[in-house]
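The primary structure of each chain is shown beneath.
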Amino acid sequence: MILPPYKIKVVEKINLIPREEREKRIREVGYNLFFLQSQDIYIDLLTDSGTGAMSDNQWAGIMLGDESYAGSINFKHLEEAVKSIMGFKYVLPTHQGRGAEHVLDEILVKPCQVVPGNMHFDTTKAHIINVRGRAIDCVIEEAYQPDTEHPFKGNIDISKLEGFINKDPENIAYVLITATCNSGGGQPVSLENIRQVHEVTKKNNIALFMDAARFAENAFFIKEREAGYKDKSIQEIVKEMMSHMDGCTMSAKKDAINNIGGFIAINDKKLYDKLAHKTVLFEGFITYGGMSGRDMEALARGLFEGIEEDYLRYRIGQVRYVGEKLSNAGIPIMKPFGGHAVFINGKGFLPHIKQENFPSQTLCIECYIEGGVRGVEVGTILAGRDQNTGKNIYPRLDLMRLAIPRRVYCSEHLDYVCEIVVNAYKRREKIKGFEFDYESPTLRHFLSTFKRLKN
Ligand code: P71
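What counts and how
Residues numbered from 1 in each chain as written. Predicted model: local features only at pLDDT ≥ 70, side-chain atom pairs only at ≥ 80, totals over all residues. Heavy atoms only, no water. Helix = DSSP H or I, 4+ residues; strand = E, 2+ residues; numbered from the N terminus. Expected span 1.5 Å × (residues − 1). Buried < 20%, exposed > 50% of the residue type's maximum accessible area, 1.4 Å probe, protein only. Contact = heavy atoms within 4.5 Å. 1 Å grid on protein atoms, 1.4 Å probe; cavity = no way out; pocket = protein on both sides within 12 Å on 5 of 7 lines; lining within 4 Å. Points joined across faces, edges and corners; volume = space filled by probe spheres on them. Domains from an automatic or database assignment. Nonpolar A, V, L, I, M, F, W, Y, C, P; charged D, E, K, R; others polar. UniProt positions renumbered as here; feature names shortened; annotations may be inferred. Near = heavy atom within 4 Å. Polar contact = N/O pair within 3.5 Å; in protein donor to acceptor, adjacent residues only side chain to side chain. Areas by Shrake-Rupley, 256 points an atom, 1.4 Å probe, with all protein chains shown as cover. Patch = residues over 30% accessible without salt bridge, like charges linked within 9 Å, V, L, I, M, F, W, Y side chains within 5 Å. Salt bridge = Lys/Arg side-chain N within 4 Å of Asp/Glu carboxyl O. Core = buried A, V, L, I, M, F, W, Y, C linked by side-chain atoms within 4.5 Å. Axes fitted to C-alpha atoms, helices over the stretch in contact; angles between N-to-C directions. Parallel < 35°, antiparallel > 145°, perpendicular 65-115°, else oblique.

Trainee: Please explain helix α10 (residues 269-282) as it appears in this structure.
Mentor: Side chains of residues three or four places apart in an α-helix project in the same direction, reflecting 3.6 residues per turn. An ideal rise of 1.5 Å per residue puts 20 Å on 14 residues; α10 measures up with 20 Å between its terminal C-alpha atoms. Among the residues of α10, those classed as buried are L271, Y272, L275, A276, K278 and T279. Elements in contact with the buried residues of α10: β2 (90-94), α4 (97-108), β6 (208-211) and β8 (262-266). Note on α10: the residue one or two positions beyond its end, G284, has a positive phi of about 145°.

Trainee: Could you clarify how one ought to interpret the layout of surface pockets in this entry?
Mentor: Where empty space is left in the structure can be found by rolling a water-sized probe over the atoms. For the largest pocket, the calculated volume is near 1,500 Å³. What lines the largest pocket is a set of 40 residues, among which V10, E12, A53, R407 and V408 lie closest to the centre. When residues of the lining of the largest pocket are traced back to their parent elements, those giving at least two are α2 (56-62), α12 (309-328) and α16 (411-426). With 3 residues, α12 is the single largest residue contributor to the lining of the largest pocket. Of the residues that make up the lining of the largest pocket, three or more belong to each of domain 1 (19-48 + 309-452) and domain 2 (56-306). Estimated volume of the second largest pocket: approximately 1,200 Å³. Around the second largest pocket, the lining comprises 38 residues; the ones closest to its centre are K125, L382, A383, R385 and I393. Among the elements of the structure, α5 (122-130), β4 (134-137) and α15 (380-383) are those that each provide at least two residues to the lining of the second largest pocket. Considering every element that reaches the lining of the second largest pocket, the biggest residue donor is α5, with 6 residues. A per-class count over the lining of the second largest pocket returns 18 nonpolar, 10 polar and 10 charged. Two domains each put at least three residues into the lining of the second largest pocket: domain 1 (19-48 + 309-452) and domain 2 (56-306).

Trainee: I keep staring at the UniProt feature "domain: Aromatic amino acid beta-eliminating lyase/threonine aldolase" (unreviewed entry) in the chain and nothing clicks. Help me out?
Mentor: UniProt tags residues 44-417 as "domain: Aromatic amino acid beta-eliminating lyase/threonine aldolase" (unreviewed entry). Here residues 44-417 is 43% helix and 13% strand, with 10 Å between the C-alpha atoms at its ends.

Trainee: What should I look at first to understand empty space enclosed by the protein in this one?
Mentor: Within the structure shown, the criterion is met by 3 cavities of 30 Å³ or more. In this structure, the largest cavity encloses a volume near 70 Å³. Forming the walls of the largest cavity are N32, L33, F34, L46, Q361, G375, V376, E377, I381, H445 and F450. When grouped by side-chain class, the residues that make up the lining of the largest cavity number 6 nonpolar, 4 polar and 1 charged.

Trainee: Honestly, the site of the ligand in this entry has me stumped. Any pointers?
Mentor: Neighbouring the ligand are 18 residues; T47, R98, D211, S251 and R401 lie closest to it. With respect to the ligand, the side chain of R98 contributes an N or O atom lying 2.7 Å from an oxygen atom. Burial of the ligand by the protein chains amounts to 95% of its free accessible area of 560 Å². Secondary-structure elements contributing two or more residues to the shell around the ligand are α4 and α17 (444-447). Broken down by element, the shell around the ligand gets its largest block of residues, 3 residues, from α4. Taken together, the residues of the shell around the ligand sort by class into 2 nonpolar, 9 polar and 7 charged. Inspection of the shell around the ligand shows a minimum of three residues originating in each of domain 1 (19-48 + 309-452) and domain 2 (56-306).

Trainee: What exactly am I supposed to notice about a nonpolar patch on the surface here?
Mentor: There is a patch of nonpolar side chains on the surface, built from F35, Y438 and L447 and spanning about 280 Å² of accessible area. Structurally, Y438 is set in strand β13 (residues 434-438). For Y438, a relative accessible area of 41% translates into the label partly exposed.

Trainee: Just to check I follow, could you spell out the side chain of N74 for this structure?
Mentor: Checked against the element boundaries, N74 lands in helix α3 (residues 73-86). At 2.5 Å, the side chain of N74 forms a polar contact with the backbone nitrogen of D66. Residue contacts for N74: discarding those within four places in its chain leaves L64, G65, D66, G293, R294, M296 and E297.

Trainee: Hey, could you run me through the nonpolar core in this one?
Mentor: General note: in soluble globular proteins, nonpolar side chains tend to be found buried as a group. Formed by 59 residues in total, the largest nonpolar core has its most connected members in L78, M86, M210, F215, F263 and L303. Residues in contact with M210, not counting those within four places in the same chain, are L176, I177, A179, I194, M241, M242, M245, G247, C248 and T249. Residues Y31, I381, L402 and F450 belong to the second largest nonpolar core, which totals 45 residues.

Trainee: Sorry if this is basic, but what is going on with the packing of helix α8 (residues 215-225) against α12 here?
Mentor: Angle between the axes and distance between the axes are the two parameters that describe a pair of packed helices. α12 packs onto α8 with a crossing angle of 85° between their chain directions and a minimal axis gap of 10 Å. It follows from the interaxial angle that α8 and α12 lie roughly perpendicular. On the side of α8, the interface is formed by A216, E217, F220, F221, K223, E224 and R225, while α12 contributes E309, L312, R313, R315, I316 and R320. Looking at the contact of α8 with α12, its residues break down into 5 nonpolar, no polar and 8 charged.

Trainee: Please clarify how unusual backbone geometry should be interpreted in this entry.
Mentor: What is expected of a backbone is that most residues other than glycine have negative phi and most peptide bonds are trans. For the bond running from A179 to T180, omega is -15°, close enough to zero to count as cis. In this fold, T180 is placed in the loop between β5 (175-178) and α7 (191-203). P336 follows K335 through a cis peptide bond whose omega is -10°. For P336, the position within the fold is in the loop between α12 and β9 (341-345). Backbone geometry at Y31 places phi at a positive 55°, although glycine is not the residue there. Within the secondary structure, Y31 sits in the loop between α1 (19-28) and β1 (43-44). In this structure, C112 takes a positive phi of about 75° despite not being glycine.

Written as structure tokens, this is what we have:
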């Protein structure tokens, strides 16, 4: 048994509303789980982003917020934390991860340029497209096979990457490694792969960045799974990962266990000056970037807590616990289990529902009705339409994600979640799919609504 390395000091009441009420609420919001009120949800596994429980140490830091417009001491603490943990020279704060993406892409991506990566997250891709670039996924083939066991399904396929680069090296804006790879199921990237990607980018004089939202969970997997890293500390592994990067973007709402925040960290002073200008324009002055002083203090402290090995072992252990329980009950899930979430294969769970009728969204709706559990679709709705043809994209992975917030739920909560999924599985043959009632034009999972099919 892995023991939790913390105890509970503050609690938040949760409540399970009756089934008829849940059926009514979800119908009223057009079967879009983003539109539910949080009081209508019992266990919320929509995201692990900004939903973690802060420590007493972080809350104490909140009281030390220095809200000066310029020169806040909390920014100094944030800068020191990033420098000491990741080893980069310059830090620019942003309001959250997509703020960092916006600032970086405004400078690095010219129209028609390409950003290859393992598998870009949807906001990352949307920001590349926003500046008229192209986001290309070069993840290894195993990433698309839900049942194949591979220790580093987030790895980049080096020959695919070289293929793109060799076509027109001048047209590559930069290469991005997302660690862990969220869209691929929270799967890690190995240090060997990071080194190989770096060799390719160095040879071609291309910048290499990391989307570091879950960098600490990635480092934990390297320690566990990669030869030669068993006896290294998480801190040492993180330093080695980042030593291959020109910089990173970070959504601090994940591995920094903060409720809001983000940053860009880089080594190059000239690039820093350009990015600083855009930061002021879009996010705020360079010593706050859209965060309050107290947020920056909690973030600086959370970064250190997020790389503690006993915390990571327990956290990733919780995800594994849910994964194993569901798998043992015969539920089709992505393997190996990710760092922050368990991904259920919607097409495998509801094989009678066509992909155009959103099997994974249907599964999310049914788990809410069954027990007030909220997950999120990472499938056809999220994938949207092709930029050129306007046709629906049918992704090879059509999944329901159960993201586990950090330090929030106990084993009993997780047992309950598994019970609810299994109950839905038992009545799966009677479950009907959905179609759009309103289709939102971009990032359509947020704002679209749905109708249930009659037959
Ligand atoms: C996640 C999120 C947040 C989210 C996004 C869309 C719908 C629901 C929840 C955000 C990420 C991420 C990676 C790898 C950048 C961002 C953007 N993930 N990179 O997984 O996972 O960061 O949310 O702070 O702007 O639930 P941001």
